[in-house]
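Coordinate analysis (summary)
Residues per chain, in single letters:
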Amino acid sequence: TYANGGGLLASTTINFGMQRAVFAPGAAMSNVIYRYVIAEAIIVASQQGVFLGLLPFQRRIEQYVGAEEDSGMVMAGIRSASQASVFALISFPLRRHWVFQAGKAAASKAA
């Protein structure tokens, strides 16, 4: 939907600015923007893939924790687990060691 797309665009834009300031201050936007967009596509696809991979276990988790069927809390837990695992295993390392390394290298050459 448009709301999801708008939210994703806003969060991507804000994240890019904040992460550039932390990981590669002084780096030109052109040095990292293409890698950031590619990384963002990989991250979003990975998050959705992990979420869809965990979704078949929803009923089993609901039974295990004693939640009602179609529990919003279990769905939120599945979404949180997928987001957290992708952040730790893919998102943070990819952005720190690939996306913003390009910006650091270009900034140090310019200095």
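Placed above this text is the structure.
The following paragraphs examine the structure supplied in this document. (Residues numbered from 1 in each chain as written. Predicted model: local features only at pLDDT ≥ 70, side-chain atom pairs only at ≥ 80, totals over all residues. Heavy atoms only, no water.)

Check the secondary structure of the protein and you find four helices and zero strands. For the protein, the sequential pattern of α-helices and β-strands runs α-α-α-α. Expected size for 111 residues packed as a compact globule is a radius of gyration near 13 Å; at 18 Å, the protein overshoots this value by more than 25%. If you line up the protein on its principal axes, its C-alpha atoms span 60 × 30 × 20 Å. Burial statistics for the protein: of 111 residues in total, 25% are counted as buried. Put simply, the protein shows about 7,300 Å² of open surface, and 66% of that area lies on carbon and sulfur atoms. Here the protein contributes 9 positive and 5 negative side-chain charges, whose respective centroids are spaced 26 Å apart. (Helix = DSSP H or I, 4+ residues; strand = E, 2+ residues; numbered from the N terminus. Rg over C-alpha atoms; globule rule 2.2 N^0.38 Å. Buried < 20%, exposed > 50% of the residue type's maximum accessible area, 1.4 Å probe, protein only. Areas by Shrake-Rupley, 256 points an atom, 1.4 Å probe, with all protein chains shown as cover. Lys, Arg positive; Asp, Glu negative; His and termini not counted. Charge placed at Lys NZ, Arg CZ, Asp CG, Glu CD.)

Each pocket or cavity is described by its volume, and for the largest pocket that value is around 260 Å³. For the largest pocket, the lining is made up of 13 residues, of which L8, E40, V44, Q47 and Q83 are closest to its centre. Residue assignment for the lining of the largest pocket shows that the elements contributing at least two residues are α1 (2-23), α2 (29-54) and α4 (72-110). For the lining of the largest pocket, the per-class residue count stands at three nonpolar, seven polar and three charged. (1 Å grid on protein atoms, 1.4 Å probe; cavity = no way out; pocket = protein on both sides within 12 Å on 5 of 7 lines; lining within 4 Å. Points joined across faces, edges and corners; volume = space filled by probe spheres on them. Nonpolar A, V, L, I, M, F, W, Y, C, P; charged D, E, K, R; others polar.)

The terminal C-alpha atoms of α2 lie 36 Å apart, and with 26 residues this matches the ideal 38 Å at 1.5 Å per residue to within 8%. Taken together, the buried positions of α2 are V32, Y36, A39, E40, I43, S46, Q47 and F51. (Expected span 1.5 Å × (residues − 1).)

Attention now goes to the packing of aromatic side chains. Considering all chains together, one arrives at four aromatic pairs under this definition. With 4.9 Å between their ring centres and 70° between their planes, F16 and Y36 make a pair best called edge-to-face. Here the residue F16 occupies a position in helix α1, and Y36 occupies one in helix α2, the gap between them amounting to 20 residues. Of the two residues, F16 and Y36, neither departs from the other in class, the shared state being buried. Here the aromatic residues F16, Y36 and F100 are joined through ring pairs into a cluster of three or more. (Phe/Tyr/Trp six-rings, centres within 6.5 Å; stacked < 30°, edge-to-face > 60°.)

What follows is about α1. Relative to the 32 Å expected for 22 residues at 1.5 Å per residue, α1 spans 31 Å between its end C-alpha atoms, a close match to the ideal helical length. Taken together, the buried positions of α1 are T12, F16, Q19 and F23. One side of α1 carries all its buried residues, which in axial view fall inside an arc of 85°. Across α1 from its buried face, at more than 90 degrees, point the exposed residues Y2, A3, I14, M18 and A21. (Arc of directions from axis to C-beta.)

This next bit is on the environment of V44. With respect to the helices and strands, the residue V44 is situated in helix α2. Judged by relative accessible area, which is 30%, V44 ranks as partly exposed. Each C-alpha atom of the pair V44 and V99 lies 15 Å from the other, and the pair is 55 residues apart in sequence.

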